[in-house]
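# Understanding the architecture of this molecule
What follows is the residue order along each chain.
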Amino acid sequence: SNFVLNNESLSKDYITKALLELKPFTDHTFLLNRGISVDTFENDIFKGVIFNKDYYDKEGKTNHVNTVFKMWSQDGVIAISQRNESFKGCLGAKSECVCTSNFDNNRQIDAFYIGESFIDCMSHFQLNNDKLEGKNIVYLSSEGNLVEGQIAVIQKAISNKNPISV
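Reading the values: rules and limits
Residues numbered from 1 in each chain as written. Predicted model: local features only at pLDDT ≥ 70, side-chain atom pairs only at ≥ 80, totals over all residues. Heavy atoms only, no water. Core = buried A, V, L, I, M, F, W, Y, C linked by side-chain atoms within 4.5 Å. Buried < 20%, exposed > 50% of the residue type's maximum accessible area, 1.4 Å probe, protein only. Helix = DSSP H or I, 4+ residues; strand = E, 2+ residues; numbered from the N terminus. Contact = heavy atoms within 4.5 Å. pLDDT = per-residue confidence, 0-100. Phe/Tyr/Trp six-rings, centres within 6.5 Å; stacked < 30°, edge-to-face > 60°.

Turning next to the nonpolar core. Core analysis: the biggest nonpolar cluster contains 24 residues, and L31, F46, I50, F118, M122 and Y139 have the highest contact counts within it. The element that contributes the greatest number of residues to this core is helix α4 (residues 118-132), accounting for 6 residues. Excluding residues that lie within four positions of it along the chain, Y139 makes contacts with I45, F46, C99, T100, S101, Y113, F118, C121, H124, F125 and L132. V98, I109, V138 and I158 belong to the second-largest nonpolar core, a separate cluster that totals 8 residues.

It should be kept in mind that the predicted coordinates are not to be read in detail where pLDDT is low. Per-residue confidence for the protein chain gives a mean pLDDT of 90, with 93% of residues at or over 70. This stretch, residues 1-8, has a pLDDT under 50; its non-local contacts, to residues over four places away or in other chains, come to 20 contacts.

As enumerated under the stated definition, the model contains 7 aromatic pairs in all. The interplanar angle of 90° and the centroid separation of 5.1 Å between the aromatic rings of F25 and F41 together place this pair among those described as edge-to-face. With F25 in the loop between β2 (23-24) and α2 (29-33) and F41 in helix α3 (residues 38-41), this pair connects stretches of sequence that are 16 residues apart. No difference in accessibility class separates F25 from F41, as the two residues are buried. Here the aromatic residues F46, F69, Y113, F118, F125 and Y139 are joined through ring pairs into a cluster of three or more.

In structure tokens:
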């Protein structure tokens, strides 16, 4: 990456504005270039979890489109992880939240899988899809180095959901 922004002092209003700028995931270029198949990101476990966000240059023109993942704490979305071919970074309090996949909240969780990046999680799913068929799994991603606040979020999720395995 050429640049990483991990500014935890951003205001709630700034994060709210960034969340309002998210668009449905229609520009698949970045994930396809990373080897993630359409079948994977269109699977129910990831559908609606991935977004796009335009990045504008100084003249106000769209310079490129970022692939974005929301980062959740017990209080809701408090950060976003965004990336493209030459950039990766987070906006907000990354150290207090994680990215998470969809799961069926009405069924026993079979397993939690924890990855460094959400793309790693999607790769794991893509490689193990046959073994995971029909299971209620949850992917969690720290979006970089795992820090103490994220460990607490993950531990609380595990305690609350009581998965069969982690």
